[in-house]
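Coordinate inspection notes
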Amino acid sequence: MTLCEEIAYSSNGFFIKFDKNEQRIFCDDYNIREDKFIAMLDMLLQLNFFDKAMFDKYHILTNEQIQEAFIETKCKKKIEQVENVEYILPCFTSKIHELSLKLGGNVDKTSENNVISTQTKLNENIVDKSVNNIKENIKEATNEQVVNSTVVYTFKNIDDKINNMNDTDKSRLKQLVTKFDDKESFSFNLVAGEYKISAYKVLFAMIDLLNASKDKFTIKIGNNAQSITKKTIIQMIYELTTVEFVQIVETVANRKDIRVLPFFVLGMIVRLDNKREEERRKMLQNENDYYKECEYYGASSYNAHLKNKEEK
């Protein structure tokens, strides 16, 4: 369903590039193990849900239903031309040719606003035709809360979102702001522009995680799956340092391809927690080694032993 929506809402409206790198990014953003995703994608291609010939030749995802809705809307809206005609399925090439002949060079030039409006209506029509039926089919198959965090935030809709929060979420937001508002390394009052927007996007994603209805998650770290409870997620969020929070904010500010922000933020939180735990283990190991050597050599002769090791 998500892939169909991405195709329909893409700038061209009837395909997306989906090479190995795009597949990897998709798996990271939606917290899917790559091996499981590749198996699902292969199944969809074998069933020709997405056209296999087009995928094998051009590394794109498209299908007949999406292209049919795309061409139908093109004809109605009289959009000037179809780009990337090589990606049009053979069953529609004659329609594209007819459309080109019909429009010829007699298409009125429209303003930028009209083009954007037409493209929006085009995308909406494609989604209505090719995606809504999929939504209906899977609606009863899952009770998982779906959070759409691909919204492009501005300062105004950040304020609107905060004003529309319930009292519990406002309290959580205030706690998190107080926790991460460190005047020396980061200040919500001083930071501006994209970084300030990204900081609030990360906070909203954290609140989404705190509100998640599931008690247990499986997070993908590299190619390994790590099971994690909601209680642990809450603990990790409140154990984050300001420096670690800023790391997440900087990553979100610089990444323009994040699809589902709560999953992305959760992945970063788990990785930071794992890194912190690894450093703690190393420190304990070093301490154990120190005490073992002291015990072996005797505290009084340990410094002489270290000096001897350095000289060697």
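Right, let's walk through the structure included here. From a predicted model like this one, the values you see are computed outputs, not experimental measurements. Residue numbering note: each chain is counted from 1, following its sequence as written. Reporting of local features is limited, given that this is a predicted model, to residues whose pLDDT is at least 70; pairs of side-chain atoms are given and counted only at 80 or more, and all residues count toward the totals for whole chains, interfaces and linings. Working from all heavy atoms in the structure, the side-chain values ignore hydrogens and water.

**Details of the overall build of the protein**
Secondary structure counts use DSSP, requiring at least four H or I residues in a row for a helix and at least two E residues in a row for a strand, with both numbered from the N terminus. A tally of helices and strands in the protein yields 15 helices and four strands. Among the 312 residues that make up the protein, the fraction classed as buried is 38%. Two residues form a contact once any of their heavy atoms are found within 4.5 Å. Across the protein, the fraction of contacts at a sequence separation of at least 24, relative to all contacts at a separation of at least 6, is 71%. Only protein chains enter the accessibility calculation, which uses a 1.4 Å probe; a residue is then buried when its area is under 20% of its type maximum, exposed when over 50%, and partly exposed in between.

**Some details on the packing of aromatic side chains**
Aromatic pairing here means that ring centres of Phe, Tyr or Trp (its six-membered ring) are within 6.5 Å. Orientation follows from the plane angle: under 30 degrees is stacked, over 60 is edge-to-face, and everything else is tilted. Going through the model one piece at a time under the given rule, you end up with 15 aromatic pairs. With a centroid separation of 5.7 Å and 75° between ring planes, the pair formed by Phe 186 and Phe 245 is classed as edge-to-face. Of this pair, Phe 186 sits in the loop between α10 (167–180) and α11 (193–211) while Phe 245 sits in helix α13 (residues 242–254), and the two are 59 residues apart along the sequence. In this pair, the class of Phe 186 matches that of Phe 245, namely buried. Where Phe 188 meets Phe 245, the ring centres are 6.0 Å apart and the plane angle is 45°; that geometry is what we call tilted. Here Phe 188 is found in the loop between α10 and α11, whereas its partner Phe 245 is found in helix α13, with 57 residues between them in sequence. Take Phe 188 and Phe 245: they sit in the same class, and that class is buried. Grouping aromatic residues by their ring pairs yields a cluster made of Phe 180, Phe 186, Phe 188, Tyr 200, Phe 204 and Phe 245. By definition, being over a ring means that NZ of Lys or CZ of Arg is both within 6 Å of the ring centre and within 35 degrees of the ring normal. Directly above the aromatic system of Phe 204 lies the positively charged group of Lys 161, at a separation of 5.3 Å from the ring centroid.

**Section: the pairing of strand β3 (residues 216–221)**
Where β3 meets strand β4 (residues 224–229), six bridges bridge the pair, whose relative direction is antiparallel. Looking at β4, one finds that Phe 217 is bridged to Ile 228. Two strands pair if DSSP finds at least two bridges between them.

**Here we look at the pattern of salt bridges**
Two side chains that carry opposite charge are able to pair once their charged atoms sit near each other. Put simply, a salt bridge is a Lys or Arg side-chain nitrogen that is within 4 Å of an Asp or Glu carboxyl oxygen. Inspection of every chain in the model, using the stated rule, returns eight salt bridges. Its salt-bridge partner being Asp 56, residue Lys 52 comes within 2.8 Å of it at the nearest N-O pair. Taken as a pair, Lys 52 and Asp 56 lie in helix α4 (residues 52–58) at a separation of four residues, close to a single helical turn. In this structure, Asp 273 engages Arg 276 in a salt bridge whose closest nitrogen and oxygen atoms are separated by 3.1 Å. Within this pair, Asp 273 and its partner Arg 276 are both found in helix α14 (residues 261–297), separated by three residues, close to a single helical turn. Across this residue pair, the class does not change: Asp 273 and Arg 276 are buried.

**Some remarks on the nonpolar core**
The tendency in soluble globular proteins is for nonpolar side chains to be buried as a group. In this structure, Phe 188, Leu 203, Met 206, Phe 245 and Ile 248 are the most contacted members of the largest nonpolar core, which totals 42 residues. At the level of secondary structure, the elements contributing two or more residues to this core comprise α10, α11, β3, α12 (230–239), α13 and α14. For this core, the element with the most residues is α11, which contributes eleven residues. Those residues within four positions of Phe 188 in sequence are excluded, and the remaining contacts are Val 177, Phe 180, Asp 181, Lys 196, Ala 199, Tyr 200, Leu 203 and Phe 245. Only buried Ala, Val, Leu, Ile, Met, Phe, Trp, Tyr and Cys residues count toward a nonpolar core, and they belong to the same one when joined by side-chain atoms within 4.5 Å.

**Quick look at the packing of helix α2 (residues 20–29) against helix α3 (residues 34–46)**
Geometry is summarised by axes, namely lines fitted to C-alpha atoms with helices restricted to the contacting stretch, and by angles between N-to-C directions that run from 0 to 180 degrees. Between α2 and α3, whose axes approach to 10 Å, the crossing angle comes to 120°. Handedness of the crossing formed by α2 with α3: right-handed. Contacts from Gln 23, Arg 24, Phe 26 and Cys 27 of α2 reach α3 at Glu 34, Phe 37, Ile 38 and Leu 41. Residues that form the contact of α2 with α3 fall into these classes: five nonpolar, one polar and two charged. In this scheme the crossing of two helices becomes right-handed for a clockwise turn of the near helix relative to the far one and left-handed for an anticlockwise turn of less than a right angle. Residues are sorted three ways: Asp, Glu, Lys and Arg are charged, Ala, Val, Leu, Ile, Met, Phe, Trp, Tyr, Cys and Pro are nonpolar, and all the rest, Gly among them, are polar.

**Describing the environment of Ile 197**
Residue position: Ile 197 is located in helix α11. Placed 43 residues apart in sequence, Ile 197 and Thr 154 show a C-alpha to C-alpha distance of 6.9 Å.

**A closer look at a nonpolar patch on the surface**
Without a salt bridge and with relative accessible area above 30%, a residue can belong to a patch; like charges are then joined within 9 Å and nonpolar side chains (Val, Leu, Ile, Met, Phe, Trp, Tyr) within 5 Å. Using the Shrake-Rupley algorithm and a 1.4 Å probe, accessible areas are obtained, with residue cover drawn only from the displayed protein chains. A surface patch of nonpolar side chains, about 310 Å² in accessible area, is lined by Met 43, Leu 47 and Phe 49. Assignment of secondary structure puts Met 43 in helix α3.

**So, unusual backbone geometry**
Among all residues except glycine, the phi angle is most often negative; among peptide bonds, the trans geometry is most common. The phi dihedral of Asn 48 is positive, around 65°, even though this residue is not glycine. Mapping Asn 48 onto the fold places it in the loop between α3 and α4. With a phi angle near 60°, His 59 is a residue other than glycine that sits in the positive phi range. Residue placement: His 59 occurs in the loop between α4 and β2 (60–61).

Honestly, it's all geometry; don't read function into it.
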